[in-house]
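Summary of the model geometry
Residue strings, one per chain:
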Amino acid sequence: MILAIIQARMGSTRLPGKVLKELEGKAVILRVYERVKKCDLIDKVIVATTLEKADDGIELFCKNHNIPVFRGSEDDVLDRFYKCALGENIKDGDSIIRVTADCPLIDYKVIKNILEFYKNNNYDYVSNTIIPTYPDGLDTEVFSFEALKK
């Protein structure tokens, strides 16, 4: 299974609530979700937000748009991802893609390229952010469930 997790929260310091702001008639988070879903190698896409009251709007928005959503720790993002993956029955041998909900120009072709590179090599983690290879807003990480557990 390949699970894409869109990391989302309302608590941005520079632009609070940006993931639910409208961009050409659609919320930013909806644009991100739709673009990630275009990658035909991904089995499921889910939004992972926090348990904070400020993020209730993200959960409501997702439910209203039939977007799977998970809520977990605000401070421990790794734990949020781990519990989200467990809730989706991820197991050893499965992979997780991480993107953020504030990148409305994320490109499914970039995600696919990174995922194929990951799958065609023997890596636990691949990212286009360690040495930036794409412009900001196209940040993608792929990692094994085993790596997340560690």
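Here's a quick rundown of the structure. (Residues numbered from 1 in each chain as written. Predicted model: local features only at pLDDT ≥ 70, side-chain atom pairs only at ≥ 80, totals over all residues. Heavy atoms only, no water.)

1. Regarding the environment of R71
Filter applied, for reference: Helix and strand assignments follow DSSP, with helices taken as H or I runs no shorter than four residues and strands as E runs no shorter than two, numbered in order from the N terminus. Relative accessible area decides the class of each residue, using a 1.4 Å probe on protein chains only: under 20% of the type maximum gives buried, over 50% gives exposed, and in between gives partly exposed. We call two residues contacting when some pair of their heavy atoms lies within 4.5 Å. Whenever a nitrogen or oxygen atom comes within 3.5 Å of another N or O atom, the pair is scored as a polar contact, on the condition that within protein one atom can donate a hydrogen and the other can accept it, and that pairs from neighbouring residues in sequence are kept only if both atoms are in side chains.
Summarising the element assignment, R71 is placed in strand β5 (residues 69–72). R71 sits in the buried class, given a relative accessible area of 17%. Linking R71 and D56, residues 15 residues apart in sequence, is a C-alpha distance of 9.4 Å. Those residues in contact with R71, other than ones at most four positions away along the chain, are T49, T50, L51, E52, D55, D56 and E59. From its side chain, R71 meets the backbone oxygen of T50 in a polar contact 2.7 Å long. In this structure the side chain of R71 is engaged in a polar contact, spanning 2.8 Å, whose partner is the side chain of E59.

2. Considering the packing of aromatic side chains
The condition is simple: Only Phe, Tyr and Trp rings take part, Trp by its six-membered ring, and two of them pair if their centres are within 6.5 Å. Stacked means planes under 30 degrees apart, edge-to-face means over 60, and tilted covers everything else.
Under the criterion given, the structure shown has 3 aromatic pairs. Between the aromatic rings of Y82 and F145, the centroid separation amounts to 5.8 Å while the plane-to-plane angle is 0°, which identifies the pairing as stacked. Placement of Y82 in helix α3 (residues 77–87) and of F145 in helix α5 (residues 145–149) is noted, with a sequence separation of 63 residues between them. Looking at Y82, the relative accessible area reads 27%, which means it is partly exposed.

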